[in-house]
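Chain and residue survey
For reference, the chains in residue letters:
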Amino acid sequence: MNTIKVGLLGFGTVGTGVVRNFQHNSELIQQRLSHKLELTKIATRDVDRDRGVRLEPGVLTSDIDEVIANPEIDVVIELIGGYEPAKSYILKAIANGKHIVTANKALMAVHGQEIIAAANQQGVTVMFEAAVGGGIPIISAIKENLCSNKFSSVLGILNGTCNFILTKMSQEGSNFAPVLQEAQELGYAEADPTFDIEGVDTAHKIALLAALCFGTTVDFDQVYTEGISKISAIDIEFAKQMDYTIKLLAISKNHGDQIEVRVHPTMIPKRYQLAQINGVFNAVRLIGDFVGPTLLYGSGAGMDATASAVMGDVMAVSRDLIAGGKPRVPILGYNADKIKNLPIMAMSEVVSNYYLRFTTADQISVLAKIAGCLGTHNISIQSILQPEEREIDSVSIVVMTHEAKEADITSALAEIEQLDVVLQPTCLIRVENAPV
Ligand code: NDP
Ligand code: HSE
């Protein structure tokens, strides 16, 4: 085998980046592989649209079977996105003996078990480095370089679109909608950007990281998911006044008999590393029992950074093919019969610090009533901020709590919102005070 033939499904943002990487670095790729890597066929819906790259005649097709049923093709790259038809195409390609490289976190997080089982049965591999953290080599770090470690936690900023929006809102005072549009124009957002802003994309990614770190299946429906659409300029401003930054954080911790997997806006002290990850950049912090805390950082989305991750996988598969064909590393980094089914801890059991912003009537003893309710539910106040600026008939009271159980916070807020002096639902943001 002197030439490894690759087929591509989907010629959008990332697909175009992959073609650019093939073309720009073909000599380097050949030097590193000692074999030629050929992009034999690209299947996409619209074969007439100019994508800004030149292709040899006959490469582009609208017939998917020219890729997935092509006997010459060894590796299929799926960059269509979404559940269907991507899943059916991947399963058909696997049945035809193709190795798969995909950036599709939604598909892998929700239907990964079925795809991995089919691949294992067929003796082919499925690689998905680009599915998490864009260009950051986080999956290969977990599966290979750090694979002698027991991980206790993995957390990070995993969505470029949200981090881009929060950074611009915080640093430039920008409004949400135009910054989202800018992220879409830059090719960062998902086809359906509500997946980004409502935290679903981040949840897909942390589900995959938890599975890889802790060697377990992760029931995606059990992942607590809250996005950034309710974050307001006022909370960003209060966070700044208290030396915090708001980030959309994905958090997963191993408690032995269960795991924590959650996604929500989080206040982080400004001095921590994750608070300084801005724009489209992502960062993942892992704690391994031998390596200790380790931070990986890089571009979390975009054409070229994501293509870099896809091409790294294509070259890794190619090296296995050159060495004889059998995949060297198990798909989730554990032998298939050793994967556990750890349950996800209920959100009510989670312990955190909390930022609570109450909108109340401007009357005496309001604070005492709120503090009383919090105390009744075992919630201890760490600090209070009551800004001097006020609306005509309401004031904001900001409370930072010591560590509390989510179930107690929920009960306390239910009671507080019954008080006649409390005028609006409470704004709650979880706070991560442990170094991140
Ligand atoms: P785009 O929407 O830009 O591209 C999707 C491509 O798939 C388009 O070229 C489209 O065709 C093609 N396509 C859609 N449906 C079909 C179909 N039924 N048959 C054939 N082709 C089809 O998406 P991205 O490139 O941004 O994303 C691709 C994948 O990469 C997704 O899974 C995404 O989550 C993931 N990803 C994206 C990142 C990013 O920064 N954009 C980063 C990391 C991962 P056509 O153009 O011909 O209409
Ligand atoms: N929409 C995703 C993001 C793409 O903004 O992070 C990268 O996975």
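All of these numbers come straight from a predicted model, not from anything done at the bench.

1. Quick notes on the domain arrangement of the protein
Here the protein is described as being made up of domain 1 (3–134 + 303–338), domain 2 (138–299) and domain 3 (347–431). A separation of 50 Å is found between the C-alpha centroids of domain 1 and domain 3.

2. Quick notes on helix α13 (residues 366–376)
Along α13, the positions that sit buried rather than exposed are Val366, Ile370, Cys373 and Leu374. Seen along its axis, α13 keeps its buried residues to an arc of 100°; they face one direction. In α13, those exposed residues whose orientation departs by more than 90 degrees from the buried face are Ala368 and Thr376. Considering only its buried residues, α13 is in contact with β13 (351–360), β14 (381–385), β15 (395–401) and α14 (406–416). Looking one or two residues past α13, Asn378 carries a phi angle of roughly 65°, positive in sign.

3. Section: the site of ligand 2
As a structural note, the neighbourhood of ligand 2 is formed by Lys105, Asn159, Gly160, Thr161, Tyr188, Ala189, Glu190, Asp196, Asp201, Lys205, Gly300 and Ala301. One nitrogen or oxygen atom from the side chain of Lys105 is found 2.5 Å from an oxygen atom belonging to ligand 2. Backbone polar atom of Gly160 to an oxygen atom of ligand 2: 2.7 Å apart, as the coordinates give it. Burial of ligand 2 by the protein amounts to 94% of the accessible area it has alone, namely 250 Å².

4. Overview of the pattern of salt bridges
All chains considered together, the criterion is met by 19 salt bridges. The salt bridge partner of Lys92 is Asp65, with a shortest N-O separation of 3.0 Å. Pair noted here: Lys92 is in helix α4 (residues 86–95) and Asp65 is in helix α3 (residues 65–68), with a separation of 27 residues, a long-range link. Relative accessible area serves as the criterion here: at 40%, Lys92 is assigned to the partly exposed category. Three or more residues joined by partner-sharing salt bridges are found here, namely Lys105, Glu190, Asp201 and Lys205.

5. Digging into the pairing of strand β11 (residues 281–288)
Burial analysis of β11 places 6 of its 8 residues in the buried class, the great majority of the element. Note: strand β7 (residues 151–157) against β11, 6 bridges, orientation antiparallel. Bridged to Val154 within β11 is Leu286. Here 8 bridges tie β11 to strand β12 (residues 292–299), and the two strands are oriented antiparallel to one another. Within the sheet, the bridge partner assigned to Ala283 lies in β12 and is Tyr297. Hairpin connection, β11 to β12: the antiparallel pair is bridged by 3 residues.

6. Here we look at the sheet that holds strand β1 (residues 3–9)
Here 6 strands make up an open sheet; going across it, the order is β3-β2-β1-β4-β5-β6 and the pairing parallel. Of all strands in the sheet, those with a lone pairing partner are β3 (60–61) and β6 (126–127), marking the two edges. Relative to strand β5 (residues 99–102), helix α12 (residues 303–322) is tilted by about 165°, and along the sheet it contacts β1, β2 (36–43), β4 (75–78), β5 and β6.

7. Description of the nonpolar core
Counting residues in hydrophobic clusters, the biggest one holds 85 residues, and the most contacted among them are Ile138, Leu209 and Tyr355. Looking at this core, the element that brings in the most residues is helix α10 (residues 200–214), giving 10 residues. Not counting residues within four places of it along the chain, the set of residues in contact with Leu209 comprises Val132, Ile138, Ile142, Val154, Leu158 and Val284. Residues Val6, Val19, Leu37 and Val310 belong to the second largest nonpolar core, which totals 30 residues.

8. Observations concerning the packing of aromatic side chains
The final tally for this structure, using the stated rule, is 2 aromatic pairs. Each ring, one from Phe164 and one from Tyr188, has its centre 5.6 Å from the other, and the planes form 75°; the classification is edge-to-face. With Phe164 in helix α7 (residues 160–172) and Tyr188 in the loop between α8 (176–185) and α9 (194–197), this residue pair connects regions lying 24 residues apart in the sequence. Tyr188 shares its class with Phe164; the two are buried. Where Phe281 meets Tyr297, the ring centres are 5.1 Å apart and the plane angle is 15°; that geometry is what we call stacked. Of this pair, Phe281 sits in strand β11 while Tyr297 sits in strand β12; the two residues are 16 residues apart in sequence, bridging distant segments of the chain.

How each quantity is defined
- Residues numbered from 1 in each chain as written.
- Chains lettered and ligands numbered in written order.
- Predicted model: local features only at pLDDT ≥ 70, side-chain atom pairs only at ≥ 80, totals over all residues.
- Heavy atoms only, no water.
- Domains from an automatic or database assignment.
- Buried < 20%, exposed > 50% of the residue type's maximum accessible area, 1.4 Å probe, protein only.
- Helix = DSSP H or I, 4+ residues; strand = E, 2+ residues; numbered from the N terminus.
- Arc of directions from axis to C-beta.
- Contact = heavy atoms within 4.5 Å.
- Near = heavy atom within 4 Å.
- Polar contact = N/O pair within 3.5 Å; in protein donor to acceptor, adjacent residues only side chain to side chain.
- Areas by Shrake-Rupley, 256 points an atom, 1.4 Å probe, with all protein chains shown as cover.
- Salt bridge = Lys/Arg side-chain N within 4 Å of Asp/Glu carboxyl O.
- Pairing = 2+ DSSP bridges.
- Axes fitted to C-alpha atoms, helices over the stretch in contact; angles between N-to-C directions.
- Core = buried A, V, L, I, M, F, W, Y, C linked by side-chain atoms within 4.5 Å.
- Phe/Tyr/Trp six-rings, centres within 6.5 Å; stacked < 30°, edge-to-face > 60°.

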